[in-house]
Every structure is written in structure tokens, then in C-alpha cells.
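Given next are the chains, with one letter for each unit.
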Amino acid sequence: MQEIQPSVTTQEIACEEITAPPCDMVVFGASGDLVRRKLLVSLQQIFAQGLLNEQFNLIGCGRKDLSDEQFRQIAREAIEDESEGATTGSVQPFLNKLHYISGSYDDLALYRRIKGKLVDLDTGYQDNRCRIFYLAVPPFLYGTIVEQLGSARLSGSYDDDSIRQTRLVVEKPFGKDLQSAVELNSTISRWFGESQVYRIDHYLGKETVQNILMFRFANTIFEPVWNRNHIDSIQITIAETLGVEHRASYYDKTGALRDMFQNHMLQMLTLVAMEPPVSFQADHVRDEKVKLLRSIRPLQPDDLSRHVVRGQYGPGFIDGKRVVGYRAEPAVDPKSRTETFVAAKLFVDNWRWKNVPFYLRTGKRLARKNTEIAVTFKKVPHSMFALVGLDDMPPDVLVLRIQPEEGIYLSFQAKRPGSKICMGTLNMNFSYKSVFGVDMPNAYQRLLLDCMVGDQTLFTRFDGVETAWQLLMAVLETWQADDSAPYEYTAGGSSFPEADELIESDDRTWRPL
Ligand code: BG6
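So, here is what we can say about the structure in this document.

Analysis parameters
Residues numbered from 1 in each chain as written. Predicted model: local features only at pLDDT ≥ 70, side-chain atom pairs only at ≥ 80, totals over all residues. Heavy atoms only, no water. Helix = DSSP H or I, 4+ residues; strand = E, 2+ residues; numbered from the N terminus. Contact = heavy atoms within 4.5 Å. Axes fitted to C-alpha atoms, helices over the stretch in contact; angles between N-to-C directions. Parallel < 35°, antiparallel > 145°, perpendicular 65-115°, else oblique. Nonpolar A, V, L, I, M, F, W, Y, C, P; charged D, E, K, R; others polar. Near = heavy atom within 4 Å. Polar contact = N/O pair within 3.5 Å; in protein donor to acceptor, adjacent residues only side chain to side chain. Areas by Shrake-Rupley, 256 points an atom, 1.4 Å probe, with all protein chains shown as cover. Disulfide = S-S within 2.5 Å. Buried < 20%, exposed > 50% of the residue type's maximum accessible area, 1.4 Å probe, protein only. Phe/Tyr/Trp six-rings, centres within 6.5 Å; stacked < 30°, edge-to-face > 60°. Salt bridge = Lys/Arg side-chain N within 4 Å of Asp/Glu carboxyl O. Expected span 1.5 Å × (residues − 1). Arc of directions from axis to C-beta.

## A few points about the side chain of Glu 466
Here's step 1: Within the element layout of this structure, Glu 466 appears in helix α14 (residues 462–481).
Here's step 2: With near-sequence residues (within four places) excluded, Glu 466 lies in contact with Leu 178, Ala 181, Val 182 and Asn 185.

So, in C-alpha cells, the structure goes:
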């Protein structure tokens, strides 16, 4: 296969960076893993780029008793660790904006102290600052915190301006099934309007995921062929080399279907398959996404095994190093039936996609980290080169590469120099890094800024979350009732037979991982 590098010129149109308005952010779960690994370093980077407002304050809340100074020290270490020593700019001015309050999440007194602290910090600043309450706690605490915020009159429900400026950020997982998601939405809606709620799916903050919309709807050449007349099938892959790491207490109760499929995988499917929204406004985009989710053919319990396969990693090798199987991981139940891999075949029952299969797979401890969407076009209907043995030419494939080698490539047939009819597959390869010369910003930077400016486009709406759960309920219930274990696959392997069968029974194959 030949590689050709296109020459790319970029013209900067509509390329203004968003800067945040004055804002106070209250983070629950401040000494937890998410805050240490993602939030603090992302906020510090936004600050160093001059995009965070000078009047920004962060109040960390947690059960641990910490002083402001101790919290700042934890934050300093987290920022240095996560940016691997390459912090942008000085960290101290950012740390000075951090404060800490400890207490128990079900105690109204904690929320009164938060309210008092917000008033102190805001004295002398302009009114109508934006207030963000960020739930970075385990999901079972979401309801409690929301109720207490409401009871303490912190949800902004006292005048219109404060409603607009007060926001709630909820991390995934949003519920563990349809019923719990509906209940959580209903608790939230008692105190916060939908326009105040920012449900995070960090995949939507990834540059390359956002680019799916630009690619489809800012060009005219792809849309006419983006349908069942020209596309044979679509494969969406999120493969990780990581295992369960130190998250067994969460993951063993969750599994890949809830952890990756219900959110990241289905979100990528909606972006690649939805109809063009009227505009890039939050609700226009989200309306189309929900419409697409509603068009996915429901999975039938009696036919599930032909459409969904689950696996669990056994021992194996990753990057030449021996790794243990899932059940031998620390804190995992040695008899665990939790799936670490899911492959599924879905259909979207609408005019554009009727009978085009969407093959989705995601798993931990696979051969390499690779997230991509591959669109395989139909083969030529008739080969005029059959007489020279070229009667079965490979189809053209367009790959939107999300990570780690962010880019787009198109493989197609072309004449090779030489004998009169000599053909080969060429790859036209666009790499973000070589064209733009920058590392991709972390998804949280985009999402935090969007939340501060009040743009909900990249956040999931209540009906989107519920529709995604609805679709998966047949799978969750069937697996729950079935006491057989998931198929075991070898850690570091690139596939396993049950998943292969799912696609090979349609005369197709998975793309190499
Ligand atoms: C998270 C999941 O949402 O996404 C993790 O909880 C997973 O299990 C992670 O490892 C993958 O994210 P990324 O950005 O590394 O692909």
C-alpha cells in the first residue's frame, strides 16, 4: 500500500478563542481522582493561555479535612504530575485562586458554608458572576448534593438572572440504567432547569470528535454519498491497552457497556449518522442526535447473541509485558462476570441508513490504543478490469481517526506506474499534528470553557441520555439474568472468535486494531 501526503493549507476563518466570563466553580469530590487527573490541570492550562477570567475562583469540597494551603499543595502536585513537569506558565497564580471547604455532603451546614464563602469571595466583584457546581463525586451522591444545593437556595432558582448564571455539571455515568437515569433527571429538574444542566461526555470535547460535524457539514463532497446508496457499512472502534487500573470498585459494578458504550460509542454513532442540524446551536444539534438515537433498531432479547457479544480479558502481554487477567486484578471479584469488551451490530431505521450495518466495538487490554470511525463504501458494481484478474477490487474506505494519531485518511484504488493495467491501494493521509503542529488540547479544556460561557452543544440532554439507556435495556436485562461468564479474550490480543463471528457472518471483517 502506498502512502501519499496531501499538501494542506489552512485558512483561519472564524477562529476566535473563547474566553471565560467571571466565574466561581464549586467542585464536589475535590480530593478525588478525576479532579486530580483532569480538572485541575485543564483549568491551569486554560489559565496559562489567558482564557480563564482574572476573577475566577474555585472552591474544592470534600469529606477530607484540608486547609486551603493543603489543597493548593495537592493541586500543585497533581498539575505537575499530569503535565509531566511541562507546566505552561507559573502555577502559583492559579493556585492562589483555589480554596477548600470540608464537610459531609448530606449536611445542609456544608452548603451554608459554601454560600458564605461565595459571598466573601465575590465581594467587590461584579454581580451576575457565573456559578458552576461540579459533581466529581461517585454517582450515588449526585441526588444528595443536588437536593442540598436546592434546599440551600444555591441552584439559582430565585431570579431569572441567577438561573441563567448558575450551572450544574454532572459527570458520567449518568445513572446505571434507564430507571436510575430517569430518577436522577427528575431529582435534578426539581432544582435546576435543563438549560442549567451540563452532562459531561468527555468524548464530545475531543477535537477530532467535534471535527466529525465540520467534516460532514462544512463540505459538500461527502454528504451526497453519505447514505445507504453508497456506504456499505460503518465500524466504530474504541480500543484501549489500559486495564481496569485502580478503578475496580467502580468498574466491576459497571462494565464496558455502561462505561463506554452507552455514552462515548453511541455519541460517536450519532455524530456520524445524524441528519444536518439547522445550525450549530445546542438544541438544534441535540435534537438531531436524539432523533438518530430514536431511529436505532431496538435490540430484541431473543436475538441478542447475533447482535451483541461481550468479553472479559484474560492474562496476556501488553507492550511485551505480562499482565494479569481481569479477575486477578486487585479488588476485582475473582468470579466477576463484568464485561471488559463489547461488540455490537446496530441498524438505523431511517431513509438514509436502512440496512447499513454499524459495527461497534470497545474493549480494555486490547492490542493497541485506537479510536476510529471507518466508513466503508460499496464496491464498484462491475469491474471493467475483470479480464486482467481485477474483478474484486477492495472498497474505498474513509477513516476518521480520533486518537492517538488524530487525522483522516482515505484509501482508494489508483494506477501504479508500469504495465498498462496495474493497480494498487493508496492511502491519502491527513494528520492533525503534522498540519497544525500542535498537540490536541485535552477535552476537558473545551468542555470547561463551554460550560463557563453557557454553551451546551457538547453536553448531553436529558432525553439523549434516557434514549441511549432505553436502547441498551434489553442487553442489560438479558446479561443480568444470564449467569454464564463473558467470553475470555487474551490481553494484548487483537480480536476473539465470538466478535469475529458477529461480523464475518455478514461476509465482512473487523478492521485491524
Ligand atoms: C472513560 C472511561 O469515560 O473513558 C474509562 O470511564 C476509559 O474506562 C476512558 O478508560 C477512555 O477515555 P480516553 O479519552 O482515554 O479514550
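From this point, the discussion proceeds with the structure in view.
## Structural notes on the packing of helix α8 (residues 207–217) against helix α10 (residues 255–273)
Here's step 1: At their nearest, the axes of α8 and α10 sit 9 Å apart, and the two run at 10° to each other. Taken together, α8 and α10 sit at an angle that is classed as roughly parallel. Residues Val 209, Ile 212, Leu 213 and Arg 216 of α8 touch α10, and the partners they reach there are Met 268, Leu 271, Val 272 and Ala 273.
Here's step 2: In the contact of α8 with α10, the residues fall into 7 nonpolar, no polar and 1 charged.

## Details of the site of the ligand
Here's step 1: Near the ligand, the surroundings consist of Lys 172, His 202, Tyr 203, Lys 206, Glu 240, Arg 247, Asp 259, Met 260, His 264, Lys 364, Lys 369 and Gln 403.
Here's step 2: Within the contact set of the ligand, an oxygen atom lies 2.6 Å away from a side-chain nitrogen or oxygen of Asp 259.
Here's step 3: Between the ligand and Lys 364 there is a distance of 2.8 Å, counted from an oxygen atom to a side-chain nitrogen or oxygen.
Here's step 4: Relative to its unbound accessible surface of 400 Å², the ligand loses 83% to contact with the protein.
Here's step 5: Broken down by element, the shell around the ligand gets its largest block of residues, 3 residues, from α10.
Here's step 6: In the shell around the ligand, the residues fall into 2 nonpolar, 3 polar and 7 charged.

## Concerning the state of the cysteines
Here's step 1: Scanning the model with the defined rule gives 0 disulfides in all.
Here's step 2: Summary of cysteine pairing: Cys 23 is not part of a disulfide, and the nearest cysteine sulfur, belonging to Cys 130, is at 3.5 Å.
Here's step 3: Cys 451 forms no disulfide, and the closest cysteine sulfur to it belongs to Cys 130, at a distance of 6.5 Å.
Here's step 4: By relative accessible area, which is 4% here, Cys 451 ends up buried.

## Considering the packing of aromatic side chains
Here's step 1: Across all of its chains, the model carries 17 aromatic pairs by this definition.
Here's step 2: Taken together, a centroid distance of 5.2 Å and an interplanar angle of 45° make the contact between Phe 71 and Tyr 100 tilted. Of the two residues, Phe 71 sits in helix α2 (residues 68–82) while Tyr 100 sits in strand β4 (residues 98–102), which places them 29 residues apart along the sequence.
Here's step 3: With a relative accessible area of 1%, Phe 71 lands in the buried category.

## Considerations on the pattern of salt bridges
Here's step 1: Applying the stated criterion across every chain yields a total of 28 salt bridges.
Here's step 2: Here Arg 511 ties to Glu 372 by a salt bridge, and the two come within 2.6 Å at their closest N and O atoms. With Arg 511 in the segment after α15 (497–504) and Glu 372 in strand β13 (residues 370–377), this pair connects stretches of sequence that are 139 residues apart.
Here's step 3: With a relative accessible area of 17%, Arg 511 lands in the buried category.
Here's step 4: As a salt-bridge pair, Arg 461 and Asp 463 come within 2.9 Å of each other at their nearest N and O atoms.
Here's step 5: Through salt bridges with shared partners, one network takes in Asp 283, Arg 286, Asp 287, Arg 461 and Asp 463.

## A short note on helix α7 (residues 178–191)
Here's step 1: Between its terminal C-alpha atoms α7 stretches 21 Å, which fits the 20 Å expected from 14 residues at 1.5 Å a residue.
Here's step 2: Listing the buried residues of α7 in full gives Ser 180, Ala 181, Leu 184, Asn 185, Thr 187 and Ile 188. Buried residues of α7, viewed axially, fall in a sector of 160°; they line one side. For α7, the exposed residues set more than 90 degrees away from the buried face come down to Gln 179, Ser 189 and Arg 190.
Here's step 3: In the core, the buried residues of α7 are packed alongside α5 (142–151), β6 (166–170), β7 (197–199) and α14.

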